Amino acid sequence: MTDSAIDIEATLDDMTQRLRALLTASGRDDVALIGIHSGGVWIAQALHERLGTTTPLGEINITFYRDDFSRIGMHPRVKPSNLPFPVEDRHIVLVDDVLYTGRTIRAALNEIFDYGRPASVTLAVLVERGGRELPIQADIIGQTITPAQGEHVKLLGPEPLVLVTKGTGQ
Ligand SMILES: O=P(O)(O)OC[C@H]1O[C@H](OP(=O)(O)OP(=O)(O)O)[C@H](O)[C@@H]1O
Ligand SMILES: O=c1cc[nH]c(=O)[nH]1
């Protein structure tokens, strides 16, 4: 089996603890979680279970909202978004696996706001790496990693969850 670049289970436990503390401190105990397809949904599922959140998990697929959509087009079998709760006035926790340029989060926020106006959005990511191209930061970061120039990190899953680092051309 491929070795994970980080201990995912321990990182998820630690994120859950910090997220719970943050939500309690800000009076946002009643939250709805939304994972970004696909790795973000796996992380959101893990946090949803650990937090014991009662609102069903939401999933969004940002394909239509990507700022390079006209360049890459759409995969014919793209999985649709599913937000099984009203977004209006809800405290949302948006979850993704990797935060890099911030463009995926920008697209996800646009999509969420098309469903309604949330009371707040808290961002939780498993890993963040440098390279932001937009003024977007996460509230909860599992691990900060510094891949070498040209390396790409990817979360494999859903079972087991493994974070791999690949050089360009591999
Ligand atoms: O901050 P950014 O520069 O937007 O990068 C982060 C995004 O990149 C990856 O998704 P990707 O679109 O590569 O697809 P994947 O979920 O299939 O890996 C990852 O899952 C994040 O959603
Ligand atoms: O390294 C990276 C950069 C963008 N998105 C990823 O998933 N990994």
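Bear in mind that the values here come from a model prediction, so they are computed numbers and not experimental data.

Across its full length, the chain carries four helices and seven strands. Along the chain, from the amino end to the carboxyl end, the secondary structure elements read α-β-α-β-α-β-α-β-β-β-β. Expressed along its principal axes, the backbone C-alpha trace of the chain runs to roughly 45 × 40 × 30 Å. In the chain, which comprises 170 residues, the share counted as buried stands at 32%. Once local pairs closer than 6 in sequence are excluded, the contacts in the chain between residues at least 24 apart make up 67%.

Per the UniProt record, "short sequence motif: PRPP-binding" (unreviewed entry) is found at residues 92-104. Structurally, residues 92-104 is divided into 15% helix and 62% strand, and its ends, taken at the C-alpha atoms, are 16 Å apart.

Next up on the list: the site of ligand 1. Neighbouring ligand 1 are 14 residues; Val 98, Tyr 100, Thr 101, Arg 103 and Thr 104 lie closest to it. Of all the secondary structure elements, the ones that give two or more residues to the shell around ligand 1 are helix H2 (39-51), strand S3 (91-99) and helix H4 (103-115). Here the element with the most residues in the shell around ligand 1 is S3; it accounts for four residues. By residue class, the composition of the shell around ligand 1 is four nonpolar, six polar and four charged.

What follows deals with the pairing of strand S6 (residues 152-156). When S6 meets strand S7 (residues 162-166), the two strands line up antiparallel, connected through five bridges. Bridge pairing in S7 places His 152 opposite Lys 166.

The subject of this paragraph is the nonpolar core. Residues Leu 33, Ile 34, Leu 47, Val 95 and Ala 124 are the most contacted members of the largest nonpolar core, which totals 39 residues. Of all the secondary structure elements, the ones that give two or more residues to this core are helix H1 (8-25), strand S1 (31-36), H2, S3, H4 and strand S4 (120-128). The contacts of Ala 124, once residues within four sequence positions are left out, are Met 15, Leu 19, Leu 47, Val 93, Val 95, Ala 138, Asp 139 and Ile 140.

On to the site of ligand 2. All residues adjacent to ligand 2 are Val 98, Tyr 100, Arg 129, His 152, Val 153 and Lys 154. Considering every element that reaches the shell around ligand 2, the biggest residue donor is S6, with three residues. Broken down by class, the residue content of the shell around ligand 2 amounts to three nonpolar, one polar and two charged.

This part is about the packing of H1 against H2. Where H1 meets H2, the closest approach of the two axes is 10 Å, and the angle between their N-to-C directions is 60 degrees. Taken together, the axes of H1 and H2 are oblique relative to one another. In terms of crossing hand, the pair formed by H1 and H2 is right-handed. Counting all contacts with H1, which are made through Leu 12, Met 15, Thr 16, Leu 19 and Arg 20, the residues of H2 involved are Ala 46, Leu 47, Arg 50 and Leu 51. Of the residues belonging to the contact of H1 with H2, the class tally is six nonpolar, one polar and two charged.

Quick notes on the rules
Residues numbered from 1 in each chain as written. Chains lettered and ligands numbered in written order. Predicted model: local features only at pLDDT ≥ 70, side-chain atom pairs only at ≥ 80, totals over all residues. Helix = DSSP H or I, 4+ residues; strand = E, 2+ residues; numbered from the N terminus. Buried ≥ 20, exposed ≤ 12 C-beta atoms within 10 Å, placed from the backbone. Contact = placed C-beta atoms within 7 Å. UniProt positions renumbered as here; feature names shortened; annotations may be inferred. Near = placed C-beta within 6 Å. Nonpolar A, V, L, I, M, F, W, Y, C, P; charged D, E, K, R; others polar. Pairing = 2+ DSSP bridges. Core = buried A, V, L, I, M, F, W, Y, C linked by C-beta atoms within 7 Å. Axes fitted to C-alpha atoms, helices over the stretch in contact; angles between N-to-C directions. Parallel < 35°, antiparallel > 145°, perpendicular 65-115°, else oblique. Left-handed = near helix turned anticlockwise from the far one by under 90°.

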